[in-house]
Amino acid sequence: MQHRLRAFAQQTILTGILTACASTICASPASSQLLPEIWATVGSVDDLISYGAGVRFAGVGIEVGTGEEGATGADFLNFFSLPIVSPYLGLGYYSGDETIGFSGGIHINAGRRLVVGGGYHSIRGINGQLGFKF
């Protein structure tokens, strides 16, 4: 009886290890974890045009840009990856009168490599984004 249990336990352990290995090898990680994403952004604040560019990798990103009266700076973005959309929140440092900038928005996967988005930035205003994944 004890010999049968030992053989059964070995088979169970072996099956568990093989299943874990197969699921690790066959499972494809989310593309947002593997592929970097870059984008350009154009916006408007107080009838002035603002520009920016960003990069995202593994759920975090950095966006640099210019705002009203030549305020220039960078934002650290935290993305919340969902299957098709990725909302984000950001906090940044800018030159000029307002030194701390807040941002929020959304990126939408519009195909395998194309990303479109929109958002609001406290210094750079409402903006639209167009980018791609590598």
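Residues numbered from 1 in each chain as written. Predicted model: local features only at pLDDT ≥ 70, side-chain atom pairs only at ≥ 80, totals over all residues. Heavy atoms only, no water.

## Some words on the overall build of the chain
Within the chain, the regular secondary structure consists of two helices and eight strands. Traced from its N-terminal end to its C-terminal end, the chain shows the element sequence α-α-β-β-β-β-β-β-β-β. By sequence separation, contacts in the chain at least 24 residues apart represent 32% of the contacts at least 6 residues apart. (Helix = DSSP H or I, 4+ residues; strand = E, 2+ residues; numbered from the N terminus. Contact = heavy atoms within 4.5 Å.)

## So, unusual backbone geometry
In the Ramachandran plot, Asp-46 falls in the positive-phi region, its phi being about 50° despite a non-glycine side chain. One can find Asp-46 in the loop between strand 1 (37–45) and strand 2 (48–57). Phi is positive for Ala-58, close to 60°, though the residue is something other than glycine. Position of Ala-58 among the secondary structure elements: in the loop between strand 2 and strand 3 (60–66).

## Details of the packing of aromatic side chains
Under the counting rule described, the total for this entry stands at three aromatic pairs. Measuring from centroid to centroid gives 6.1 Å for Trp-39 and Phe-79, while their planes differ by 75°, and the two rings are edge-to-face. Here Trp-39 is found in strand 1, whereas its partner Phe-79 is found in strand 4 (residues 72–79), with 40 residues between them in sequence. No difference in accessibility class separates Trp-39 from Phe-79, as the two residues are buried. When the ring of Phe-132 is compared with that of Phe-134, the centres are 5.4 Å apart and the planes differ by 65°; the resulting orientation is edge-to-face. Judged by its relative accessible area of 39%, Phe-132 falls in the partly exposed class. Members of the aromatic cluster, joined through ring pairs, are Trp-39, Phe-79 and Tyr-88. (Phe/Tyr/Trp six-rings, centres within 6.5 Å; stacked < 30°, edge-to-face > 60°. Buried < 20%, exposed > 50% of the residue type's maximum accessible area, 1.4 Å probe, protein only.)

## A word on the environment of Pro-83
Mapping Pro-83 onto the fold places it in the loop between strand 4 and strand 5 (85–94). In this structure the C-alpha to C-alpha distance between Pro-83 and Ile-108, which are 25 residues apart in sequence, comes to 9.4 Å.

## Comments concerning the confidence of the model for the chain
Residue-level pLDDT values for the chain average 80, and 75% of them are 70 or greater. Here helix 1 (residues 2–26) is the element of the chain with the lowest mean pLDDT, 51, and strand 4 is the one with the highest, 95. This model gives residues 4–8 a pLDDT under 50, and the stretch forms zero contacts once residues within four places in sequence are excluded. (pLDDT = per-residue confidence, 0-100.)

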